[in-house]
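Chain by chain, the residues run as shown.
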Amino acid sequence: MEYRALLKEHLFQLEEKLLKPEIRTSKDELINILSDSFFEFGSSGEVLYKDESIGEVSLSVVRMKMSDFEIHPLSEEIVLTTYRIYNELNKQHSLRSSIWKLIDGR
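This section reports on the structure supplied with the text. In this convention, every chain numbers its residues from 1, walking through the sequence in written order. Totals for whole chains, interfaces and linings use every residue, but because this is a predicted model, local features are given only for residues with pLDDT of at least 70 and side-chain atom pairs only at 80 or more, for both listing and counting. Water and hydrogen atoms play no part in the side-chain values, which are based on all heavy atoms of the structure.

1. As for the packing of aromatic side chains
For clarity, the cut-off: Aromatic pairs are defined between Phe, Tyr and Trp rings, using the six-membered ring for Trp, whenever the two ring centres lie within 6.5 Å; interplanar angles under 30 degrees are classed as stacked, those over 60 as edge-to-face, and all others as tilted. Helix and strand definitions here come from DSSP, where helices need a minimum of 4 consecutive H or I residues and strands a minimum of 2 consecutive E residues; each element is numbered from the N-terminal end. Per-residue accessibility, obtained with a 1.4 Å probe over protein chains only, is compared with the maximum for each type, and a residue is labelled buried under 20%, exposed over 50%, and partly exposed between these values.
One pass over the full model with this rule turns up four aromatic pairs. Geometrically, the ring pair formed by Phe 39 and Tyr 49 is tilted, given 6.1 Å between the ring centres and 35° between the ring planes. Of the two residues, Phe 39 is situated in strand β1 (residues 39-41) and Tyr 49 in strand β2 (residues 47-49); the sequence distance between them amounts to ten residues. Residue classification places Phe 39 among the partly exposed residues on the basis of a relative accessible area of 45%. Joined through ring pairs, the aromatic side chains of Phe 12, Phe 69 and Tyr 83 make up one cluster.

Below, the structure is given as structure tokens:
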């Protein structure tokens with residue numbers, strides 16, 4: 001499998017992992033996956049920061065399915081991911097994106 005396909009699969013698995021309730025509620029798992037400079041714009045409009053939010057509150061438990069996952073390399077170490085999410089609880093679709101950066105081989 002070519003490098004780009006392997007990278008796409010790896011990032012897809014990380015994004016999918018972040019949707020799982022057992023990961024979203026685990027401080028240790030989130031600390032392991034997310035960069036120290038992580039922040040997220042929540043659907044509530046609130047901005048969550050790794051250094052302030054994790055441990056104080058966990059990310060909300062969700063039932064979502066991801067589709068149309070694509071990667072867009074921005075440099076050799078930075079990739080933009082784009083995808084659609086379907087929220088099974090409120091029956092809504094949304095467009096999402098994340099920036100992933102290779103740091104210390106991870």
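2. Observations regarding the side chain of Thr 81
The line we're drawing: Any N or O atom pair separated by 3.5 Å or less is treated as a polar contact, with the protein-specific requirement of one donor-capable and one acceptor-capable atom, and with residues adjacent in sequence counted only for side-chain atom pairs. Contacts are assigned to residue pairs with any non-hydrogen atoms lying within 4.5 Å of each other.
Looking at where Thr 81 falls in the secondary structure, it is placed in strand β4 (residues 78-87). For Thr 81, a relative accessible area of 0% translates into the label buried. For Thr 81, the side chain forms a polar contact with the side chain of Glu 15, separated by 3.0 Å. If sequence neighbours within four positions are ignored, Thr 81 has contacts with Leu 11, Glu 15, Phe 69, Glu 70, Ile 71, Arg 96, Ser 97, Ser 98 and Trp 100.

3. Here's the deal with the environment of Gln 92
Relative to the helices and strands, Gln 92 is located in strand β5 (residues 92-101). Gln 92 sits 83 residues away from Glu 9 along the chain, and the two C-alpha atoms are 25 Å apart. Apart from the residues within four sequence positions on either side, Gln 92 is in contact with Ile 85, Tyr 86 and Asn 87.

4. Describing the sheet that holds β5
Paired through backbone hydrogen bonds, the strands of a sheet run either parallel or antiparallel to each other. Definition in use: Paired strands, in this sense, are two strands between which DSSP finds at least two bridges. Note on definitions: angles span 0 to 180 degrees between N-to-C directions of axes, and those axes are lines fitted to C-alpha atoms, for helices only across the stretch in contact.
Here three strands make up an open sheet; going across it, the order is β3-β4-β5 and the pairing antiparallel. With partners counted over all chains shown, the strands left at the sheet margins are β3 (64-73) and β5, one partner each. Sheet twist, expressed as the mean angle between neighbouring strand axes with direction ignored, is 20°. Bridge analysis of β3 against β4 gives eight bridges, and the strand direction is antiparallel. When the sheet's bridge partners are listed, Met 66 is paired in β4 with Ile 85. Packing against the sheet, helix α1 (residues 3-17) makes contact with β3, β4 and β5, and its axis sits at approximately 140° to β3.

On their own, these measurements won't tell you what the molecule is for.
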